[in-house]
Amino acid sequence: MDDMDRRLLSALRDCGTDRRVATAARALSWAGEHGALWLVAGLVGAAADRDRRGAWLRGTALTAGAHLASMGVKRVVRRPRPGAEIGVEPLVRTAGKHSFPSSHATSAAAATVAYGALRPAGARLVPPLAAAMCVSRMVVGVHYPSDVAAGAALGALTARLGARWMTGGAGR
């Protein structure tokens, strides 16, 4: 598994040699720092969709909670980020030195599940952007594929567990 993780990371990181791809990946990484893109999206949804404001705010809280959970797991697992020792030079700086799970992927997947329940806009707009966010973390060379997969699973599970709470208050 470790060898496959490294080979996939290397292949995706090589995509970052294209200046346009690297620029897009850096922008996504920056926007996703601490779940910012997804938290802002939830707040914009709450402001724009007055009928479901409570559901949007609860979805935003679920997304923030998933992000915090990933940070807690990182402190326990303490997997170092990929680096020069395996031939991967990162394209961005990171807020922390641990990579498992990817907090960017966690918040992106949580937002996909939470905001996706608030169709139609959330279900159409969030998934492709969240997928690009997840891939960007490997393109910039700061996460192994298993970090991203674990983060996405954690985010989706966290939001799914809170889905009833989130949508049960819709319209209030």
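See above for the structure.
Residues numbered from 1 in each chain as written. Predicted model: local features only at pLDDT ≥ 70, side-chain atom pairs only at ≥ 80, totals over all residues. Heavy atoms only, no water.

Draft legend 1. Expanded view of the packing of helix 3 (residues 36-48) against helix 4 (residues 53-77). At a minimum axis distance of 8 Å, the contact between helix 3 and helix 4 shows a crossing angle of 170 degrees. In terms of orientation, helix 3 lies roughly antiparallel with respect to helix 4. Where helix 3 abuts helix 4, its residues Trp38, Leu39, Ala41, Gly42, Leu43, Gly45, Ala46 and Ala47 lie against Arg53, Trp56, Leu57, Thr60, Thr63 and Ala64. Class assignment of the residues belonging to the contact of helix 3 with helix 4 gives a composition of nine nonpolar, four polar and one charged. (Axes fitted to C-alpha atoms, helices over the stretch in contact; angles between N-to-C directions. Helix = DSSP H or I, 4+ residues; strand = E, 2+ residues; numbered from the N terminus. Parallel < 35°, antiparallel > 145°, perpendicular 65-115°, else oblique. Contact = heavy atoms within 4.5 Å. Nonpolar A, V, L, I, M, F, W, Y, C, P; charged D, E, K, R; others polar.)

Draft legend 2. Local environment of the nonpolar core. Residues Trp38, Ala108 and Tyr115 are the most contacted members of the largest nonpolar core, which totals 25 residues. Take this core: its biggest share by element is six residues, from helix 5 (residues 103-116). Aside from chain neighbours lying at most four places away, what touches Trp38 is Thr63, His104, Ser107, Ala108, Ala111, Tyr115, Val126, Leu129, Ala130 and Met133. (Core = buried A, V, L, I, M, F, W, Y, C linked by side-chain atoms within 4.5 Å. Buried < 20%, exposed > 50% of the residue type's maximum accessible area, 1.4 Å probe, protein only.)

Draft legend 3. Representation of unusual backbone geometry within the structure. Here the residue pair Phe100 and Pro101 is connected by a cis peptide bond, since its omega of -5 degrees sits within 30 degrees of zero. You can see Pro101 is positioned in the loop between helix 4 and helix 5. Although it is not a glycine, His34 sits at a positive phi angle of roughly 60 degrees. The residue His34 is located in the loop between helix 2 (19-31) and helix 3 in this model. You will see that Arg78, though not glycine, has its phi angle at about 60 degrees, which is positive. Checked against the element boundaries, Arg78 lands in the loop between helix 4 and helix 5.

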